[in-house]
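So the chains spell out like this:
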Amino acid sequence: MTQVQIPGTDLSIFPINLGTNTFGWTADESQSHAVLDAFVAGGGNFLDTAESYPAWVPGNTGRESETIIGTWLASRGNRDKVVLATKVGDHPDHKTQDPDYIRTAIDASLQRLQTDHVDLYYAHRDDEVTPIAEVARVFDEIVRSGKASHIAVSNYSAARLAGWFAAAEDEGLVKPVAVQPQYSLVYRREFETDLRPVAERRDLAVFSYFSLAAGFLTGKYRTEADLEGADRGGMVQGYFNAEGLKVVDDLVAIADSHHAAPATVALSWLLAKGVTAPIASARTPEQLETLLAAPGLELSAEEVDRLDRASTPFAEEEPS
């Protein structure tokens, strides 16, 4: 299976990043282990989690996903076969980038994951209050301690990310190697306008989240009735308008011409737009087939352009 290298690292990854926010939510431990087994059997090797997954579920602590991955790694004995990423700073109890908290959070994550290091450690969400140099220093400290091989950022503005690089260059600190932005056919503006220029200039890997817009781009939600009882119905609701449904119509048409699933085409579009490895999640092994097929589906320039045009309303600047 084709693999790509994360720039500035020795990490080779299959270009689909398995999102594990479903673990402990729509998939219990046994189901999650089955998904992980199938993902690896299908050629995947890159796992994305966070200390906050899935805290939004009533009764959860927000640390279930890491714990489930940890039991899987321990039972399979395959830590050296996977590239493991986790995040800090978006837990309901700890929404800051406070250095003292980050020092304790990495240790807690490693304990849950049952490993001595993660390959990629993200600042999950910027608090825009903690001086960026302090954040850069503590992440540098974590890499130099061996607890993380590399660092990355998610949900950071271009300005704060630029400040991180400035601090790292001034003080000789470790620099981020990747960004994780929200990016999909129906959420283009923020990444394309602000973060993509920084990612290109800094040669950063890009791992998009909500790559399938919470399932909207799978094509299974075509009417309001389709949302009834859906776990992610509330997330999908925001895309239910003429512009969003037009994107799905074109997506389905292109998918049908390839005898492929709409989700496969949506992920292939992201790969064609320069995303290193889109993040997509699954709650059953059967759902993985369409995700893993994306790198093998090469869209024509005309098909990419058709999807670009259909999704233009999501790329344009909002009226002031």
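Here is what the cut-offs are and how they apply
- Residue numbering note: each chain is counted from 1, following its sequence as written.
- Where local features are concerned, this predicted model is filtered to residues with pLDDT of at least 70; where side-chain atom pairs are given and counted, the filter is 80 or more; whole-chain, interface and lining totals use all residues.
- Side-chain numbers come from the whole structure's heavy atoms, not from hydrogens or water.
- Nonpolar core, defined: a set of buried Ala, Val, Leu, Ile, Met, Phe, Trp, Tyr and Cys residues in which side-chain atoms within 4.5 Å join the residues together.
- The rule is simple: take the accessible area with a 1.4 Å probe, protein chains only, and divide by the maximum for that residue type; under 20% is buried, over 50% is exposed, in between is partly exposed.
- We count a stretch as a helix when DSSP gives it H or I for four or more residues in a row; a strand needs E for two or more, and each element gets its number in order from the N terminus.
- Should DSSP find at least two bridges between two strands, the strands are regarded as paired.
- With the strands aimed away from the viewer, a crossover counts as right-handed if its path from the first strand over the helix to the second runs clockwise.
- Fitting a line to C-alpha atoms yields each axis, with helices limited to the stretch in contact; the angle taken between N-to-C directions then spans 0 to 180 degrees.
- Throughout, the term roughly parallel applies to angles under 35 degrees, roughly antiparallel to angles over 145, roughly perpendicular to angles from 65 to 115, and oblique to all others.
- Whether a crossing is left-handed or right-handed is set by the direction in which the near helix is turned from the far one by less than a right angle, anticlockwise for left-handed and clockwise for right-handed.
- Any two residues whose heavy atoms approach within 4.5 Å are treated as being in contact.
- Polarity classes work like this: nonpolar for Ala, Val, Leu, Ile, Met, Phe, Trp, Tyr, Cys and Pro, charged for Asp, Glu, Lys and Arg, and polar for all others, with Gly in that last group.
- Grid points spaced at 1 Å over the protein atoms alone were grouped into cavities, where a 1.4 Å probe fits but cannot get out, and pockets, open sets with protein on both sides within 12 Å along at least five of seven lines, with lining residues defined by an atom within 4 Å of a point.
- Grid points are joined across faces, edges and corners, and a volume is the space filled by probe spheres set on the points.
- The term salt bridge refers to a pairing of a side-chain nitrogen on Lys or Arg with a carboxyl oxygen on Asp or Glu at a separation within 4 Å.
- Given the number of residues in a helix, its expected span is that number minus one, multiplied by 1.5 Å.

Within an unreviewed UniProt entry, the label attached to the protein chain reads Aryl-alcohol dehydrogenase (NADP+), and the organism entered is Brevibacterium siliguriense.

Novice: Explain the nonpolar core here, please?
Specialist: Note on soluble globular proteins: their nonpolar side chains tend to be buried together. Counting 87 residues, the largest nonpolar core has Tyr121, Phe139, Trp164, Phe216 and Leu217 as the members making the most contacts within it. The element that contributes the greatest number of residues to this core is helix α4 (residues 132-144), accounting for eight residues. In terms of nonpolar packing, the next biggest core, distinct from the first, is built from 16 residues, Ile6, Leu11, Val83 and Tyr122 among them.

Novice: How should the pairing of strand β6 (residues 118-123) be read in this particular structure?
Specialist: Across a regular strand the side chains alternate sides, sitting on one face of the sheet and then on the other. The buried fraction of β6 is high, at six of six residues. Taken together, the four bridges between strand β5 (residues 83-88) and β6 define a ladder with parallel strand orientation. Along β6, the bridge assignment pairs Lys87 with Tyr122. Regarding the hand of the β-α-β motif, the stretch spanning β5, helix α3 (residues 99-113) and β6 is right-handed. Taken together, the five bridges between β6 and strand β7 (residues 148-154) define a ladder with parallel strand orientation. The residue of β7 that forms the bridge with Ala123 is Val153. This β-α-β element, β6 to α4 to β7, shows right-handed connectivity.

Novice: I'm lost on the packing of α4 against helix α5 (residues 158-171) in this one. Help?
Specialist: Helix-helix packing is described using two parameters, namely the angle between the two axes and the distance between the axes. Two elements in contact, α4 and α5, have axes separated by 9 Å at closest approach and are oriented at 60°. By the angle class used here, α4 and α5 are oblique. Crossing hand, α4 versus α5: right-handed. Each of Ile132, Ala133, Val135, Ala136, Arg137 and Phe139 in α4 lies in contact with α5, whose residues at this interface are Arg160, Gly163, Trp164, Ala167 and Glu171. Of the residues that constitute the contact of α4 with α5, the class distribution is seven nonpolar, one polar and three charged.

Novice: Explanation requested: the side chain of His150 in the structure shown.
Specialist: Tracing the backbone through its elements, the reader meets His150 in strand β7. Judged by relative accessible area, His150 falls into the buried class, the value being 15%. Every residue in contact with His150, bar those within four places of it in the chain, is listed here: Gly8, Thr9, Asp10, Leu11, Asp119, Leu120, Tyr121, Val143 and Val177.

Novice: Looking at this structure, I do not really get the layout of surface pockets. What am I missing?
Specialist: One water molecule sets the probe size; rolling that probe over the atoms shows where empty space is left. Taken as a whole, the second largest pocket spans an internal volume of roughly 180 Å³. Lining the second largest pocket are Glu128, Asn155, Tyr156, Ser157, Ala158, Pro181, Gln182, Tyr187, Glu190, Asp194, Leu195 and Tyr209. In terms of residue count, helix α6 (residues 189-202) provides more of the lining of the second largest pocket than any other element does, three residues in total. Looking at the lining of the second largest pocket residue by residue, the classes come out as six nonpolar, three polar and three charged.

Novice: Please clarify how the pattern of salt bridges should be interpreted in this entry.
Specialist: As a working rule, side chains carrying opposite charge can pair if their charged atoms are close by. Applying the stated criterion across every chain yields a total of 20 salt bridges. Here Glu169 ties to Lys175 by a salt bridge, and the two come within 3.4 Å at their closest N and O atoms. Residue classification places Glu169 among the partly exposed residues on the basis of a relative accessible area of 41%. Here Arg306 makes a salt bridge to Asp250, at a shortest N to O gap of 3.3 Å. Within this pair, whereas Arg306 is found in helix α11 (residues 301-310), its partner Asp250 is found in helix α8 (residues 242-257), the two being separated by 56 residues in sequence. Put simply, Asp90, Lys95 and Arg125 are held in one network by salt bridges that share partners.

Novice: Help me out: how do you make sense of helix α9 (residues 262-272) in this one?
Specialist: Every α-helix carries 3.6 residues per turn, so stepping three or four residues along brings you back to the same face. Taking burial as the measure, the eleven residues of α9 include nine buried ones, the bulk of the element. Turning to α9, its buried residues are Pro262, Ala263, Thr264, Val265, Ala266, Leu267, Ser268, Trp269 and Leu270.

Novice: Could you clarify how one ought to interpret the environment of Thr61 in this entry?
Specialist: With respect to the helices and strands, the residue Thr61 is situated in the loop between β4 (46-48) and α2 (64-76). In this structure the C-alpha to C-alpha distance between Thr61 and Asp93, which are 32 residues apart in sequence, comes to 9.6 Å.

Novice: Which parts of the structure should I look at to understand α6?
Specialist: Over its 14 residues, α6 extends 20 Å from the first C-alpha to the last, a length consistent with the 20 Å expected when each residue adds 1.5 Å. Among the residues making up α6, those that are buried are Phe191, Glu192, Leu195, Val198 and Ala199. The first or second residue beyond α6 is Asp203, which carries a positive phi of 55°.

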